[in-house]
Amino acid sequence: MMRLLPQSLFSRMVLILLGGLILVQSISVVFHLRERDRLLFHSNSMESAQRIADAIRMLNSLASADRQKFVTALNSPTLLVSLGVIPSSQALQNPEAHDQADSFRMMLGDLLGGTPPIEVVASDPEWRLGQLSANTPGLARNTFPQKKNAFTVETRLQDGTVVSFDVFPSDETFPLPRRLLLNLQILLAAVIILSLLAVRLATRPLNTLASAAEKLGKDINSPPLIETGPTEVRRAAHAFNTMQSRLVNYIQDRTRILAAMSHDLKTPITRLRLRAELLEDDDHRIRFVKDLEEMEFMVTATLDFMRGVDNPEPVQPMDIMALLESLQADAAEIGQQVCLDGVAARPYPCKPAAMKRCLGNLIDNAVKYGKNATITVDDHHKQLQIHILDNGQGIPEAELERVFEPFYRLESSRSRDTGGTGLGLGIARNIAQMHGGDLLLRNRPCGGLEAILTLPRRS
Ligand code: ADP
C-alpha cells in the first residue's frame, strides 16, 4: 500500500488535495442531480394529479352512460383510466416508490379537498398492465412501454362507482445540464492550478533546505541560506544558518586545539631525538630513534588529517594524468610496481597538494597491502573516476567502512607491523569529499581491493 503512494511530498500533497477535491465535487454533483430529479418528478406528478382531479370532477358530472366514452378519450400513454373494480394493485417494496406514492396521494387530496378517500399504490407496471389488459378488451400493452415507477390511484365516484387511474410516468431522462458541467470544469481547473501553486510554494523551501544540508555535508563552509520568504521558511533558514555557524565554530575550536597539540609535540620530539643521538648504547639508540620517528609520523599525519577539514589551498586546474605519472615514477624509484591505464580528457580543477596526498595514500596502501597497484582512469562527461586496484588480501566486508575511521587499522596490519597510523584512508576520503566527490572501497571478485575515487565534473 505504502509502495503505491507517490514518493515525493509534492506529489502526495497534490494527490490528497486533488483526490479530496474531486471526491467532494462528485458527491455534491450527485446530491445536486438527485435534488433536480426530485423536483422534476414533483412537477410531473403535479401535472398528472391535476389531470386526475379534473377527470374525477368530470366523471362525477357525467351520466354513467357517457362515462365510458369520456374515459376512452382520456386515455393516453401515461394515463389509463378504468371504470369498475380491478383487483387491487401489487404494492412495491421499494421505499422510494412508497414515498412517491404518498406524496402523490397528498397532492390529489389537496386538489380534491380531501374527499372522496383516495388510495395510491406503487405498482409493478408489467404486472399491472397484464391485469388491465385482461379486464379491458382491446387494450394494446405496447402502447405503454416499460415504465419504472407506476402508480395506481383508486377512488369512488359520488354514485359509488370505483374508478382507477394508472399513471405511467414518463421514463424520459433529462440530460446533465451543460452549464453546470462547464462551471464545474472551470472550478476544478482553477482549483487544480491554485493547489499546484500552493503545494509548490510549500515544498520548495524543503528542497532548498535539503540541498543546503547536502552541501553542508560536503563543505562545512558553504554559503549560508538566504533568509527570505514566509515566517516559517525564514525561521527554518535562520535555524539552519545558526546550526551551521555553531558547527563551524565547534570544528574550528577542535581543529585548533588538536593542531596546536600536535604542533607543540613536534618540538619536544625533536629535542628528544637530539638527546637520543647522545645515547651510547647503539641498540638502545636505534630503538629510541625508531619510536620517536613513529611519534613524529603520527603527529604529522594527525596535523594533515586536521588540516584536511579546513584546507585553505586554492583550487587550480590540474593535469591528473601527469600527477599519476609522477606518483608512478616515485613508486618505481623505491622499487614498487604501479601500472597506469586510461586517460583524463581535460584538466581537473582541484586543490593540487590535497589531491596528490589523496592519490598518494591510496597508491601507498595498494603497494603496502597488495604488493602492486594498477590505476585506471575513466573520464566521463559528468565525473572523473580513478580506480586503484591491488592483488592483496582485500578487507573483510564488515570492515570496509570502518577502515575510514581515524586511527582504525585492521588486526592483520597491526600484527604484521606494516607501519602507518590508520589515518591514510580517512584523509583520502576527506579530500575526495572536499572536492564534492567520494571514496569507496570494494573487494575485487578475483581477490584484492579496489579503491574508487569519484570526482564530479562541473560543466
Ligand atoms: P594505515 O595504512 O596508515 O594503517 P589507512 O587509513 O590507510 O591507514 O588504512 C586503514 C587500514 O585499512 C589499514 O591499516 C589496513 O588494515 C587496511 N587497508 C587499507 N588499504 C588496504 C588495501 N589496499 N588492502 C588491504 N587492506 C587495506
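Each remark here, short or long, concerns the structure printed above.
Computed from a predicted model, the values in this text were never measured in an experiment.

Asks: So what's going on with the sheet that holds strand β4 (residues 162-167)? Which residues, and what values?
Replies: Pairing in this open sheet of 4 strands is antiparallel, and the strands run β1-β4-β3-β2 from one edge to the other. Edge positions in the sheet fall to β1 (79-83) and β2 (119-123), since each of these pairs with one other strand and no more. Averaged over all neighbouring strand pairs, the angle between strand axes comes to 20°, with direction disregarded. With 6 bridges joining them, strand β3 (residues 150-156) and β4 adopt antiparallel strand pairing. Opposite E154, over in β4, you have S164 as the bridge partner. Its contacts with the sheet put helix α1 (residues 9-61) on β1, β3 and β4, and the angle it makes with β4 is roughly 155°.

Asks: Lay out the site of the ligand with the relevant residues and their values.
Replies: Residues in contact with the ligand amount to 18 residues; listed here are only the nearest, Y369, D390, R409, S413 and L425. Backbone polar atom of G422 to an oxygen atom of the ligand: 3.0 Å apart, as the coordinates give it. In the environment of the ligand, an oxygen atom lies 2.8 Å from a nitrogen or oxygen atom belonging to the backbone of L425. Protein burial of the ligand: of its 530 Å² of free accessible surface, 96% is covered by the chains. Mapped by element, the contributors of at least two residues to the shell around the ligand are α9 (352-370) and α11 (424-434). For the shell around the ligand, the per-class residue count stands at 8 nonpolar, 7 polar and 3 charged.

Asks: A description of the nonpolar core should follow, citing residues and the corresponding values.
Replies: Side chains that are nonpolar tend, in soluble globular proteins, to be buried together. Judged by nonpolar contacts, the single largest core of 45 residues is most densely connected at I320, L359, L439, L441 and L453. In terms of residues, this core owes the most to one element, α9, which gives 8 residues. Those residues in contact with I320 that sit more than four places away from it in its chain are A344, Y348, M355, L384 and I386. F41, V71, V153 and L157 belong to the second largest nonpolar core, which has 24 residues in total.

Criteria and thresholds
- Residues numbered from 1 in each chain as written.
- Predicted model: local features only at pLDDT ≥ 70, side-chain atom pairs only at ≥ 80, totals over all residues.
- Heavy atoms only, no water.
- Pairing = 2+ DSSP bridges.
- Helix = DSSP H or I, 4+ residues; strand = E, 2+ residues; numbered from the N terminus.
- Axes fitted to C-alpha atoms, helices over the stretch in contact; angles between N-to-C directions.
- Contact = heavy atoms within 4.5 Å.
- Near = heavy atom within 4 Å.
- Polar contact = N/O pair within 3.5 Å; in protein donor to acceptor, adjacent residues only side chain to side chain.
- Areas by Shrake-Rupley, 256 points an atom, 1.4 Å probe, with all protein chains shown as cover.
- Nonpolar A, V, L, I, M, F, W, Y, C, P; charged D, E, K, R; others polar.
- Core = buried A, V, L, I, M, F, W, Y, C linked by side-chain atoms within 4.5 Å.
- Buried < 20%, exposed > 50% of the residue type's maximum accessible area, 1.4 Å probe, protein only.

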